[in-house]
Amino acid sequence: MKQSVQIQKIDALVRAPIESLGYSLVRIKLSSQHGEEVLQIMAEPQDKERDMSVEDCAQISRHLSAILDVEEPISGAYRLEISSPGIDRPLSSEEEFA
């Protein structure tokens, strides 16, 4: 799937840290909502038997916030949202489409 250069840069910054915490990166989405930039990162536990909790999202958020603050892949202010894919999971890789 084709990604913007900015999304590719963010992916390169966050994928390894997310995986080191025991999660898989599902999707990165950058959008504008009510004039505010929003960086949405979806992740899920690598252990497929475990559900994603609010505490999991908070852990990822704290970890990534430090990295994103230093690297600044987005110019200006933005809101970071960490979530699980949930029941309406988007298909985001070739493996998922198969």
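Because the structure is a prediction, the values reported are computed rather than measured.

Asker: Looking at this model, I keep getting lost on unusual backbone geometry. Mind explaining?
Answerer: For residues other than glycine, phi is negative in most cases, and the peptide bonds are mostly trans. Backbone geometry places histidine 34, a non-glycine residue, at a positive phi of 55 degrees. As for its placement among the helices and strands, histidine 34 is situated in the loop between strand 1 (23–33) and strand 2 (36–45). Phi angles above zero are rare outside glycine, and glutamate 72 is one such case at about 50 degrees. Residue position: glutamate 72 is located in the loop between helix 2 (54–71) and strand 3 (78–83).

Asker: Is there a simple way to explain the pairing of strand 1 in this structure?
Answerer: In the case of a regular strand, side chains alternate between the two sheet surfaces. Where strand 1 meets strand 2, 10 bridges bridge the pair, whose relative direction is antiparallel. Bridge pairing in strand 2 links glutamine 33 to glutamate 36.

Asker: Explanation requested: helix 2 in the structure shown.
Answerer: One turn of an α-helix holds 3.6 residues; hence residues three or four places apart share an orientation. In a regular helix each residue adds 1.5 Å, so 18 residues correspond to 26 Å; helix 2 covers 25 Å between its end C-alpha atoms and thus fits that length. Those residues of helix 2 lying buried are Asp56, Cys57, Ile60, Leu64 and Leu68. Those residues of helix 2 that are buried lie in contact with helix 1 (5–20), strand 1, strand 2 and strand 3. Following helix 2 by one or two positions, glutamate 72 adopts a phi angle in the positive range, close to 50 degrees.

Asker: Whenever I open this one, the nonpolar core confuses me. Can you help?
Answerer: Buried together is how nonpolar side chains tend to be arranged in soluble globular proteins. Membership of the largest hydrophobic core comes to 18 residues, with the highest contact counts inside it found for Val14, Ile18, Ile28, Leu39, Ile41, Ile60 and Leu64. Counting residues per element, the ones that place at least two in this core are helix 1, strand 1, strand 2 and helix 2. Residue contacts for isoleucine 28: discarding those within four places in its chain leaves Ile7, Ile10, Asp11, Val14, Leu39, Gln40 and Ile41.

Asker: Is there a simple way to explain the sheet that holds strand 1 in this structure?
Answerer: What links the strands of a sheet is backbone hydrogen bonding, and the strands pair in either a parallel or an antiparallel sense. Read across the open sheet, the 3 strands follow the order 1-2-3; overall the sheet is mixed. The two strands at the open ends of the sheet, each matched to only one other strand, are strand 1 and strand 3. Across the sheet, the axes of successive neighbouring strands diverge by a mean angle of 20 degrees, strand direction being ignored. Here strand 2 pairs with strand 3 via 6 bridges, running parallel. From the neighbouring strand, valine 38 faces strand 3, where its bridge partner is arginine 79. Packing of helix 2 onto the sheet brings it into contact with strand 1, strand 2 and strand 3, and relative to strand 3 it is tilted by some 145 degrees.

So, how was this worked out
Within each chain, residue numbers correspond to sequence positions counted from 1 in written order. It should be noted that, the model being predicted, local features are given only for residues of pLDDT at least 70 and side-chain atom pairs only at 80 or more, the latter also being counted only at that level, while totals for whole chains, interfaces and linings use all residues. Note that water and hydrogens are dropped before the side-chain values are worked out from all heavy atoms of the structure. Here a helix means four or more residues in a row that DSSP labels H or I, a strand means two or more in a row labelled E, and each is numbered from the N terminus. Being paired, for any two strands, means DSSP has found at least two bridges between them. Here the expected length of a helix is defined as 1.5 Å per residue gap, with one fewer gap than residues. For every residue, the accessible area obtained with a 1.4 Å probe (protein chains only) is divided by the maximum for its type, and the residue is called buried under 20%, exposed over 50%, and partly exposed between those limits. Between two residues, a contact is recorded if the distance between any of their heavy atoms is within 4.5 Å. We define a nonpolar core as any set of buried Ala, Val, Leu, Ile, Met, Phe, Trp, Tyr and Cys residues linked to one another through side-chain atoms lying within 4.5 Å. Simply put, an axis is a line fit to the C-alpha atoms, just over the touching stretch for a helix, and the angle between two N-to-C directions goes from 0 to 180 degrees.

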